[in-house]
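# Reading the structure
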Amino acid sequence: MNVLIVYCHPSKNSFTSQVKDSFIKGLNAAGHTYVISDLYAENFNPVMSESEYTREGFYNLNAPIPDDIIREQNRVNNADIIAFIYPDFWTAAPAMLEGWFQRVWTYGFAYGDAPSMKILEKVIFLITMGGSLDDEIRVQQLEAMKTVMIGDRIRNRSKQCEVHVFDQMTRGYGNDDNRTNRIEEFTNKAYEIAKSL
């Protein structure tokens, strides 16, 4: 399988970065190929321009698509699986990833009468979270995120979709020992998810 990793975190000194590294180790162990769209490292521009908006808002297939978006769309269409790896920021993906969807899911590619985007075999979300899924409010927030990511953005664009949340990863607040223990548990899980693709 060829896997596109869309990775979105501003710091290498993060648990999310460790999840990404473990996921890649699992891909290597299973013999999968992969490409990484590291949105921060590649300085991806998440801001839609006026010309992009005009193209989308008026469904104009003749308007040009920026080179950085063509690159991302080619990465999508060369993949069998996409793995989105990112943290939960205020019940949403980081702004960089929000902008990735807004710019990459263009008219004629991800939607329209004859979209050119392939139907993926699987999409996986690996989401890190400071809060605890033992709290009902976090469960409700997760369901809201699933509605956005799976129900709207992925919808019929993939045959399968999985969401894995690695919770209770906040620093401080008396959680440091728990966080340390969960790092090993969750990085092992990320490795196994990738290896079993």
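Source: prediction; values computed, not measured. (Residues numbered from 1 in each chain as written. Predicted model: local features only at pLDDT ≥ 70, side-chain atom pairs only at ≥ 80, totals over all residues. Heavy atoms only, no water.)

## A word on the packing of aromatic side chains
Within this structure, the stated rule accounts for 13 aromatic pairs. Ring geometry for tryptophan 100 against tryptophan 105: centres 5.3 Å apart, planes inclined by 55 degrees, an arrangement best described as tilted. For tryptophan 100, a relative accessible area of 0% corresponds to the buried category. By relative accessible area, which is 9% here, tryptophan 105 ends up buried. An angle of 90 degrees between the planes, with centres 5.2 Å apart, marks the rings of phenylalanine 101 and tryptophan 105 as edge-to-face. (Phe/Tyr/Trp six-rings, centres within 6.5 Å; stacked < 30°, edge-to-face > 60°. Buried < 20%, exposed > 50% of the residue type's maximum accessible area, 1.4 Å probe, protein only.)

## Focus: the pattern of salt bridges
Counted by the stated rule, this structure contains 14 salt bridges. The salt bridge partner of aspartate 167 is arginine 182, with a shortest N-O separation of 2.6 Å. Linking aspartate 167 in the loop between β5 (161-166) and α6 (176-195) with arginine 182 in helix α6, this pair joins segments that are 15 residues apart in sequence. Linked by salt bridges that have partners in common, Glu42, Arg71, Glu72 and Arg75 make up one network. (Salt bridge = Lys/Arg side-chain N within 4 Å of Asp/Glu carboxyl O. Helix = DSSP H or I, 4+ residues; strand = E, 2+ residues; numbered from the N terminus.)

## Things to note about the pairing of strand β4 (residues 122-128)
Within a regular strand, side chains alternate between the sheet's two faces. With seven of its seven residues buried, β4 lies for the most part within the structure. With burial as the criterion, each face of β4 is covered, one bearing Lys122, Ile124, Leu126 and Thr128 and the other bearing Val123, Phe125 and Ile127. Examined bridge by bridge, strand β3 (residues 81-87) and β4 share seven bridges and lie parallel to one another. Considered in β4, the bridge of alanine 83 is made with isoleucine 124. At this point the chain moves from β3, through helix α4 (residues 95-104), to the parallel β4, and the crossover so formed is right-handed. With six bridges joining them, β4 and β5 adopt parallel strand pairing. Paired with leucine 126 across the bridge in β5 is histidine 164. The parallel pair β4 and β5 is bridged by helix α5 (residues 136-154), and the resulting crossover is right-handed. (Pairing = 2+ DSSP bridges. Right-handed = clockwise from strand over helix to strand, strands pointing away.)

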